[in-house]
Amino acid sequence: MKQLISKLPVFLLLFLLAFSVSMSVSCSKAAANEDSKAEESDDSEDEEDSEPKKKKESHDDEDADKEESSDDEKAKHSEDEKKGDSAKKKSHGDDEKGESVDVTKLWQELMAGNGRFTAGKHTTGQLVNARKSLVKGQKPQVIVISCSDSRVPPEIVFDKNLGELFVIRTAGNVADPIALGSIEYAAEHLHSKMLVVLGHESCGAVAATLSGDKMPTKNLNAIVSAIKPSFEDAEECAPGGPGGIRCIKLNVTHSSKEIVANSPILKELVGDGSLHIVKAYYEMESGKVVRF
């Protein structure tokens, strides 16, 4: 018994030591569990925080897409407007004051005048008043290059007054350098919007070219040489051929092409829609002008 009592303090000491170690381990585990829960809580909070961020980022992306789409639509709309303006410019000319000129209407007015001419109902008059009104300048909207034939005066054929047509006349409606310069003056300086290349039936210059005969002077030969390329690959328009209205049309078409090809100014004006070329011929018996 005494021995047990003597050993009691050692036993208590060991017991207290073991208890202390056990408590320390328990506390460590509890602390670890708390830390783990805290980390899980933080992770959960991070996930919760990330959701609004993701939504915001998604919303920002949508806004960016909408802005990009809006920019694309604006660009497309702008492009459509440019195309619309270009198409409008092709059918309308703009004069020096920016006013719109309907070239279709110009042709309709020419046809109305030709209709009056064929019906013998000319309205052209008041020449004195017209002459006085034109003293300070002219502003013809239509240029006509036609044959010099005395039977085809454009002002009478279209029933027009002074100042309404800018007319150039050469045998066979050939556009030589002087004729080209005259057209350039009207189109560039006077801002005329339409050029009518007018041939006619029974054209002497075309007939001379079709004959194949040698011309007696270099000047007459210049006319024939200018017309001759019109008839390449056209059997009916070969020298000695039957001729006909097709040859008149081919000559008008060739003159139209030469006008554009030999004048950078006119080529530019035709290209941007500022000047419109109309091909036509005159019927000798009926007096009608036919566009083709």
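One can find the structure itself at the top, above this paragraph.
Read on for a plain summary of the structure. Note that this is a predicted model, so its numbers are computed, not measured.

Definitions and cut-offs
Residues numbered from 1 in each chain as written. Predicted model: local features only at pLDDT ≥ 70, side-chain atom pairs only at ≥ 80, totals over all residues. Heavy atoms only, no water. Helix = DSSP H or I, 4+ residues; strand = E, 2+ residues; numbered from the N terminus. Buried < 20%, exposed > 50% of the residue type's maximum accessible area, 1.4 Å probe, protein only. Contact = heavy atoms within 4.5 Å. Areas by Shrake-Rupley, 256 points an atom, 1.4 Å probe, with all protein chains shown as cover. Salt bridge = Lys/Arg side-chain N within 4 Å of Asp/Glu carboxyl O. Phe/Tyr/Trp six-rings, centres within 6.5 Å; stacked < 30°, edge-to-face > 60°. Lys NZ or Arg CZ within 6 Å of the ring centre and 35° of its normal. Disulfide = S-S within 2.5 Å. Pairing = 2+ DSSP bridges.

1. Some details on the overall build of the protein chain
Right, so step 1: Each helix and strand in the protein chain was counted, giving 9 helices and 7 strands.
Right, so step 2: Put simply, the protein chain has 292 residues, and 30% of those count as buried.
Right, so step 3: Nonlocal contacts in the protein chain, meaning residues at least 24 apart in sequence, comprise 70% of its contacts between residues at least 6 apart.
Right, so step 4: Of the accessible surface of the protein chain, which amounts to about 18,700 Å², a share of 54% is contributed by carbon and sulfur atoms.

2. Observations concerning unusual backbone geometry
A negative phi angle characterises most non-glycine residues, just as the trans form characterises most peptide bonds.
Right, so step 1: With phi around 55 degrees, Ser 202 is a residue other than glycine that occupies positive phi space.
Right, so step 2: Tracing the backbone through its elements, the reader meets Ser 202 in the loop between β5 (194-200) and α6 (204-211).
Right, so step 3: The exposure class assigned to Ser 202 is exposed, which follows from its relative accessible area of 54%.

3. Concerning the side chain of Ser 256
Right, so step 1: Inspection of the secondary structure assignment puts Ser 256 in helix α8 (residues 245-261).
Right, so step 2: If we skip the residues at most four places from it in the chain, Ser 256 touches Val 197, Ile 277 and Lys 279.

4. Details of the environment of His 254
Right, so step 1: Looking at the element boundaries, His 254 is found in helix α8.
Right, so step 2: When the C-alpha atoms of His 254 and Lys 228 are compared, they prove to be 9.6 Å apart, with 26 residues separating the residues in sequence.
Right, so step 3: Excluding its chain neighbours within four sequence positions, the residues that come into contact with His 254 are Ala 226, Pro 229 and Ser 230.

5. Regarding the pattern of salt bridges
Pairing between side chains of opposite charge can happen when the charged atoms of each approach one another.
Right, so step 1: Under the counting rule described, the total for this entry stands at 3 salt bridges.
Right, so step 2: Taking the shortest distance from any N to any O, the salt bridge between Asp 159 and Arg 116 comes out at 2.5 Å. Here Asp 159, found in the loop between α4 (154-157) and β4 (165-169), pairs with Arg 116, found in helix α2 (residues 103-118); they are 43 residues apart in sequence, far enough to count as distant.

6. Digging into the packing of aromatic side chains
Right, so step 1: All chains considered together, the criterion is met by 2 aromatic pairs.
Right, so step 2: Where Tyr 281 meets Phe 292, the ring centres are 6.2 Å apart and the plane angle is 50 degrees; that geometry is what we call tilted. Of this pair, Tyr 281 sits in strand β6 (residues 276-282) while Phe 292 is found in the segment after β7 (289-291), placing the two residues 11 residues apart along the sequence.
Right, so step 3: Judged by its relative accessible area of 31%, Phe 292 falls in the partly exposed class.
Right, so step 4: For the cation-ring pair, Lys 249 lies above Phe 292, with the distance from its terminal atom to the ring centre recorded as 5.6 Å.
Right, so step 5: Arg 291 extends its terminal NZ or CZ atom over the ring of Trp 107, reaching a point 5.3 Å from the ring centre.

7. Looking at the state of the cysteines
Simply put, the disulfide is a covalent bond whose two ends are the sulfur atoms of two cysteines.
Right, so step 1: Tallying each qualifying case throughout the model produces 1 disulfide.
Right, so step 2: One disulfide in the model links Cys 237 with Cys 247; its S-S distance is 2.0 Å. Here the disulfide of Cys 237 and Cys 247 is left-handed, its torsion about the S-S bond being about -105 degrees. Here Cys 247 lies in helix α8 and Cys 237 lies in the loop between α7 (218-227) and α8, a separation of 10 residues in the sequence. Each member of the pair, Cys 237 together with Cys 247, is buried.
Right, so step 3: Its sulfur unpaired, Cys 147 is 4.0 Å from the next cysteine sulfur, which belongs to Cys 203.

8. Some remarks on the pairing of β6
Right, so step 1: Burial analysis of β6 places 5 of its 7 residues in the buried class, which makes it a mostly covered element.
Right, so step 2: Sheet analysis places β5 next to β6, joined by 7 bridges and oriented parallel. Bridge pairing links Val 196 to Val 278 in β6.
Right, so step 3: Judged from the 3 bridges that link them, β6 and β7 form a sheet pairing that is antiparallel. Looking at β7, one finds that Tyr 281 is bridged to Val 290.
Right, so step 4: Linking β6 to β7, which pair antiparallel, is a turn of 6 residues; within it Gly 287 sits at a positive phi near 85 degrees.

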